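These are the residues of each chain, in order.
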Amino acid sequence: MISTLRSIQRIRGSSGANRLIYYFKKLPVLGKLLKGDIYSNILLKQVFAGIVVVLKVLWGFLNKFAYLGIVIYLPIVLIHKELPLAEQYALFLHIFIILSFIVAAVSNVFILEPKRDKYICVKLMRIPAKQYMHATLLLKGLTFFIYFIPALTVFAGIFGAPLWHGVWLTLLLTAWRIVTEALNLLFFDKKGIVLVKKMSWVWSVIGLGGLLAYLPLYLGNAIVNDATGFSVPVSLVIVVLGGITAVYIGKYPNYRSAVDVVTKIDDPLLDMNRMMKEARVAEVQTKEKDFSSEELKGKAFQGKTGYAYLNAIFFSRHKRLLIQPIQRRLTIIGVLFIVGILIMLISPETSSKFTTYLLGGLPFFVFIMNYTSIGERVCKAMFYNCDLSLLRYGFYRDQAAILDNFKIRLIKLSGFNLIPAFAICLACTLLFLLSGADWGLMDAVIFWVTILCLSLFFSVHHLFMYYIFQPYSTELNMKNPFFFIVNSIVIGLSVACIGFPKASSIFTLVVLTGTIAYMVIAVTLVYKFSSRTFRVK
Amino acid sequence: MQLILDHIHKSFDGKQVIKGADFTFERGKIYGLLGRNGAGKTTLFNCLSGETQMDSGAAFIGEKDSTRQLRDEDIGYVFSLPILPEFLTGYEFVKFYMDINREKIDPNKSIEDYFSIIKFEEEDRHRLIKGYSHGMKNKIQMLCFIITRPPLILLDEPLTSFDVVVALEIKKLLREMKEDHIIIFSTHILQLAADLCDELVILNHGTLQEIPRETLQSPEFEEQIIALLQDGNND
């Protein structure tokens, strides 16, 4: 068993070290220090593997503190600070018992957990399944026990409970989780069903358990308290059951099939990265069944040629991606407008306060308009569905072609963004007029010009960022640090605008000149550099 | 017309892949670029097509009495994994491609003519490229250079994905076209190279090496090539 454990640890150590090196190399400046041959440098890799082990152990302890602290302790002290410590402790025990003894026992199983490590060790490295499971189970059981003790004793101490409570509770939890592991295994053995893969079951337990766990916070007193949690008969039963089921787990003969059933190569649970990648891609993808064969014959686009033709088809085939967010924005604006009207009817006083705030709060719209723009989403869709493939053709990277394309897209995108901008203008104008606030024609002009300018500004901004920094990789995760930096600066500026103290007209002037200047600069930069920067990286 | 490669270098992450490739390719010939997996065939093609920047060196097009830099538009590149915008139908992509290259194409040919050259079924033309098979996508890519007839045609492992009938059609097509073009054809399948190509060039140790024409016909051809390629193993 020890030698199996050692080889498993060696495999985990190497892959952990490789991963650490991989991410280290991605760091902007430090990453350059490591050369390409680092993966073959045994000594350095051992150092990295050591670091990984230390980090893992630290994480093991911290993780329990974080769980108990954030998920259980924090809500209790936030809501029921006034309760005596003993009652707070009862609440703590209640939430802990429901979450750790019931919910986690269903959602967080170990033996039947789909896991890459299992696939690598048993399927690829051919460690016998039984040996692998015995070794990892022993390690898991011990570390589970050890990692929980300090956190539980500390939190028991905080609530003024005796310290042995922490140790005892950990022991009970470990024994109980052995029992539930055995139950999961038994169920699989008899019925051939892996419960943890039944998402409806797992999520129902999580939902219901969550509700039950936090209900006493609302009611103010715990259902489960230390009397039930620590009573001698209950404890004894749990420990004895734990012992019996541990023997069952130890003697279980069919680990090979228990491993096989959760290490199918196409199981999405095995590979979180792939799952996330697929989700990101699905967000911007077209579906063939969305279109009829008549639509695909494309009579509608016949009058157009070249890039206009391409973009017309692009925007028509990606309607779902473009119309939906616009609809959502319009709905939000509509709901807010109705709320505004209702407030006006119910409490004119609040309403007038609010209107005054809105009138003086024009700078705040910089922030709002940034989030109203659908530019980023459109750019992502353009990258993944169109540019990713076409950029491999020389003609598409030609400067004139890029500019032609940029122009068409800018007009389209601005058009889309102007729809919610108009809606905002309209809704606010109506609210101002109905509220009877002192709001003349000049104010209206200032308001409309500012909002529409801001809408244009962010249309240009998102497209410009896409053409100059081209931040996306084939998996749609961003990898250009400058994209983040420039974007953060723009968001920072829009936040800073909130503090803009001057009168509205001056602010409008600033926005107007800012927009025009930014547009000129952006178009010039795109004109000059995009043939070099607009690439698949 | 010639394509002249002048000392092209390219390395990734400190590893030299192309180490000073020199060669002159002539019009009217189909060249087989032979190399083992990972020898750098695709890298060399990417450098020529402008897809990746070369570290040093250059490529030129030499006409009778002048030489100029190789440009993007001189090249028709068929990728080993066909890459096409999947939201378009085959018909729409070809129409777009023809629009863009209006001045380069033969005004007497219509889009339907082109589809029939590559024997592309009528009902497939109006389906999204997303649903096309590998071979169909490859045919569309081939159609691109049939339409614009660039002087240099690079084919990265093209025939491997075609069934025997289509492969034969494409072979015929390439032979018909070769008079006006420089065609370079990368592959690691020896028979295909020997069968289709007029000249064989080996990419080994990051440099290009011509195989004498006599070797192509000699009975020990295979052994000689294998020996040359295995040499690269002792890197």
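Structural data are supplied above this passage.
Let us look at the structure shown here. (Residues numbered from 1 in each chain as written. Chains lettered and ligands numbered in written order. Predicted model: local features only at pLDDT ≥ 70, side-chain atom pairs only at ≥ 80, totals over all residues. Heavy atoms only, no water.)

**Notes on the overall build of chain B**
Here is step 1: Helix and strand counts for chain B come out as 8 helices and 10 strands.
Here is step 2: In terms of C-alpha radius of gyration, chain B reaches 18 Å, essentially the compact-globule figure of 18 Å for 235 residues.
Here is step 3: At a minimum sequence separation of 6, the contacts of chain B that also span at least 24 residues come to 69%.
Here is step 4: Accessible surface for chain B amounts to roughly 10600 Å². Of this, 47% is attributable to carbon and sulfur atoms.
Here is step 5: Computed over 26 positive and 39 negative side-chain charges, the inter-centroid distance for chain B is 3 Å. (Helix = DSSP H or I, 4+ residues; strand = E, 2+ residues; numbered from the N terminus. Rg over C-alpha atoms; globule rule 2.2 N^0.38 Å. Contact = heavy atoms within 4.5 Å. Areas by Shrake-Rupley, 256 points an atom, 1.4 Å probe, with all protein chains shown as cover. Lys, Arg positive; Asp, Glu negative; His and termini not counted. Charge placed at Lys NZ, Arg CZ, Asp CG, Glu CD.)

**Some points on the packing of aromatic side chains**
In this description, an aromatic ring pair is defined by two values, namely the gap between the centres and the angle between the planes.
Here is step 1: Scanning all chains against the criterion turns up 47 aromatic pairs over all chains.
Here is step 2: For the ring pair A:Phe92 and A:Phe155, a centre distance of 6.1 Å and an interplane angle of 20° mean the geometry is stacked. In this pair, A:Phe92 is assigned in helix α3 (residues 85-107) and A:Phe155 in helix α5 (residues 129-158), connecting sequence segments 63 residues apart.
Here is step 3: Clustering of aromatic rings is evident, with ring pairs tying together A:Phe65, A:Tyr67, A:Tyr73, A:Tyr89, A:Phe92, A:Phe96, A:Phe101, A:Phe144, A:Phe148, A:Phe155, A:Phe159 and A:Trp176.
Here is step 4: In this structure, B:Lys95 packs its charged tip against the face of A:Tyr309, placed 4.2 Å from the ring centre. (Phe/Tyr/Trp six-rings, centres within 6.5 Å; stacked < 30°, edge-to-face > 60°. Lys NZ or Arg CZ within 6 Å of the ring centre and 35° of its normal.)

**Notes on the pairing of strand β2 (residues 15-26) of chain B**
Residues and elements named next belong to chain B.
Here is step 1: The pairing of strand β1 (residues 2-12) with β2 spans 9 bridges and is classified as antiparallel. By the bridge assignment, lysine 10 is partnered in β2 with isoleucine 18.
Here is step 2: What sits between the antiparallel neighbours β1 and β2 is a turn of 2 residues, in which aspartate 13 has the positive phi angle 55°. (Pairing = 2+ DSSP bridges.)

**Thoughts on the interface of chain A and chain B**
Here is step 1: Listed per partner, the contact involves 31 residues of chain A and 29 residues of chain B.
Here is step 2: Buried area between chain A and chain B, both sides added, is near 2600 Å², and the carbon and sulfur share of it is 59%.
Here is step 3: Taken together, the connections running from chain A to chain B amount to 1 salt bridge.
Here is step 4: A salt bridge links A:Arg317 to B:Glu92, with the shortest nitrogen-to-oxygen separation between them at 2.9 Å.
Here is step 5: At the junction of chain A with chain B, the criterion picks out 8 residue pairs in polar contact (both at pLDDT 80 or more).
Here is step 6: Counting only elements with at least two residues in the side of chain A that touches chain B, the list comes to α12 (293-297), α13 (306-317), α17 (375-390) and α18 (394-397) of chain A.
Here is step 7: Sort the elements by how many residues they give to the side of chain A that touches chain B and α13(A) lands first, with 7 residues. (Buried area = accessible area lost by both parts, 1.4 Å probe. Salt bridge = Lys/Arg side-chain N within 4 Å of Asp/Glu carboxyl O. Polar contact = N/O pair within 3.5 Å; in protein donor to acceptor, adjacent residues only side chain to side chain.)

**Observations concerning the sheet that holds strand β8 (residues 182-187) of chain B**
Residues and elements named next belong to chain B.
Here is step 1: Reading across from one edge, β6-β7-β8-β3-β9-β10 is the order of the 6 strands in this open sheet, with mixed pairing throughout. The open sheet is flanked by β6 (75-78) and β10 (207-211), the only strands paired with a single partner. Here the average twist between neighbouring strands, direction ignored, is 20°.
Here is step 2: Taken strand by strand, helix α4 (residues 134-148) contacts β6 and β7 (152-156), and its axis lies near 175° from that of β6. (Axes fitted to C-alpha atoms, helices over the stretch in contact; angles between N-to-C directions.)

**Quick notes on a nonpolar patch on the surface**
All names here are of chain A.
Here is step 1: A cluster of nonpolar side chains, Leu441, Val445, Val449, Leu509, Leu512, Ile516 and Val520, forms an exposed patch at the surface whose accessible area comes to about 630 Å².
Here is step 2: The leading source of residues in the nonpolar patch is helix α22 (residues 504-533), at 4 residues.
Here is step 3: Considering the arrangement of structural elements, one finds leucine 441 in helix α20 (residues 441-469). (Patch = residues over 30% accessible without salt bridge, like charges linked within 9 Å, V, L, I, M, F, W, Y side chains within 5 Å.)

**Some words on the sheet that holds β1(B)**
All names here are of chain B.
Here is step 1: Spatially, 4 strands are ordered β2-β1-β4-β5 in an open sheet, and the strand pairing comes out antiparallel. The open sheet terminates on both sides in strands that have one partner only, identified here as β2 and β5 (67-69). In this sheet, neighbouring strand axes are inclined to one another by 25° on average, regardless of whether the strands run parallel or antiparallel.
Here is step 2: Pairing of strand β4 (residues 56-62) with β5, which is carried by 3 bridges, proceeds in the antiparallel orientation. In the strand pairing of β5, phenylalanine 60 is matched with glutamine 69.
Here is step 3: Strand contacts of helix α1 (residues 41-49): β1, β2 and β4, with the helix running at about 115° to β1, the strand carrying the most contacts.

**Notes on the pattern of salt bridges**
Here is step 1: Tallied over the full model, the rule gives 15 salt bridges over all chains.
Here is step 2: The salt bridge involving B:Asp55 is made with B:Lys10; its shortest N-O contact spans 3.6 Å. Highlighted residues: B:Asp55 in the loop between α1 and β4 and B:Lys10 in strand β1, separated in sequence by 45 residues.
Here is step 3: We note a salt bridge from B:Lys137 to B:Glu86, for which the minimum N-O separation is 3.1 Å. Of this pair, B:Lys137 sits in helix α4 while B:Glu86 sits in the loop between β6 and α2 (90-100), and the two are 51 residues apart along the sequence.
Here is step 4: Salt bridges here are not isolated pairs; linked through shared partners, they connect A:Lys123, A:Arg256 and A:Asp260.

**Here's the deal with the side chain of A:Thr136**
Here is step 1: Here A:Thr136 is to be found in helix α5.
Here is step 2: With near-sequence residues (within four places) excluded, A:Thr136 lies in contact with A:Leu5, A:Ile8, A:Arg12 and A:Phe110.

**Some words on unusual backbone geometry**
Most peptide bonds are trans, and most residues other than glycine sit at a negative phi.
Residues and elements named next belong to chain B.
Here is step 1: Even without being glycine, arginine 149 reaches a positive phi, approximately 45°.
Here is step 2: In this fold, arginine 149 is placed in the loop between α4 and β7.
Here is step 3: Residue classification places arginine 149 among the partly exposed positions, given a relative accessible area of 42%.
Here is step 4: Notably, histidine 205 is not glycine yet its phi reads approximately 55°, a positive angle.
Here is step 5: Checked against the element boundaries, histidine 205 lands in the loop between β9 (199-204) and β10.
Here is step 6: Given a relative accessible area of 33%, histidine 205 falls into the partly exposed group. (Buried < 20%, exposed > 50% of the residue type's maximum accessible area, 1.4 Å probe, protein only.)

**What about the side chain of B:Thr43?**
Here is step 1: Note on placement: B:Thr43 falls in helix α1.
Here is step 2: If near-sequence neighbours (up to four positions away) are discounted, B:Thr43 is found in contact with B:Lys10, B:Phe12, B:Val17, B:Ile18 and B:Thr52.

**Examining the environment of A:Phe422**
Residue and element names in this part refer to chain A.
Here is step 1: Mapped onto the fold, phenylalanine 422 is located in helix α19 (residues 399-435).
Here is step 2: Relative accessible area serves as the criterion here: at 43%, phenylalanine 422 is assigned to the partly exposed category.
Here is step 3: Beyond its immediate stretch of four places on either side in the chain, phenylalanine 422 contacts Trp448 and Leu452.

**Side note on α17(A)**
Here is step 1: The principal kink in α17(A), of about 45°, is found at A:Phe383.
Here is step 2: With 13 of 16 residues buried, α17(A) lies mostly within the body of the structure. (Bend = angle between axes of the 7 residues up to and from the residue.)

**A word on the packing of helix α2 (residues 42-79) of chain A against α3(A)**
Residue and element names in this part refer to chain A.
Here is step 1: The interhelical angle for the contact between α2 and α3, taken along N-to-C directions, is 140°, at an axis separation of 10 Å. Classified by the interaxial angle, the pair formed by α2 and α3 is oblique. Pair α2 / α3 crosses with right-handed handedness. The residues of α3 that touch α2, namely those facing Tyr67, Leu68, Val71, Ile72, Ile76 and Val77, are Gln88, Leu91, Phe92, Ile95, Phe96, Leu99 and Ser100.
Here is step 2: Residues of the contact of α2 with α3, tallied by class, amount to 11 nonpolar, 2 polar and no charged. (Parallel < 35°, antiparallel > 145°, perpendicular 65-115°, else oblique. Left-handed = near helix turned anticlockwise from the far one by under 90°. Nonpolar A, V, L, I, M, F, W, Y, C, P; charged D, E, K, R; others polar.)

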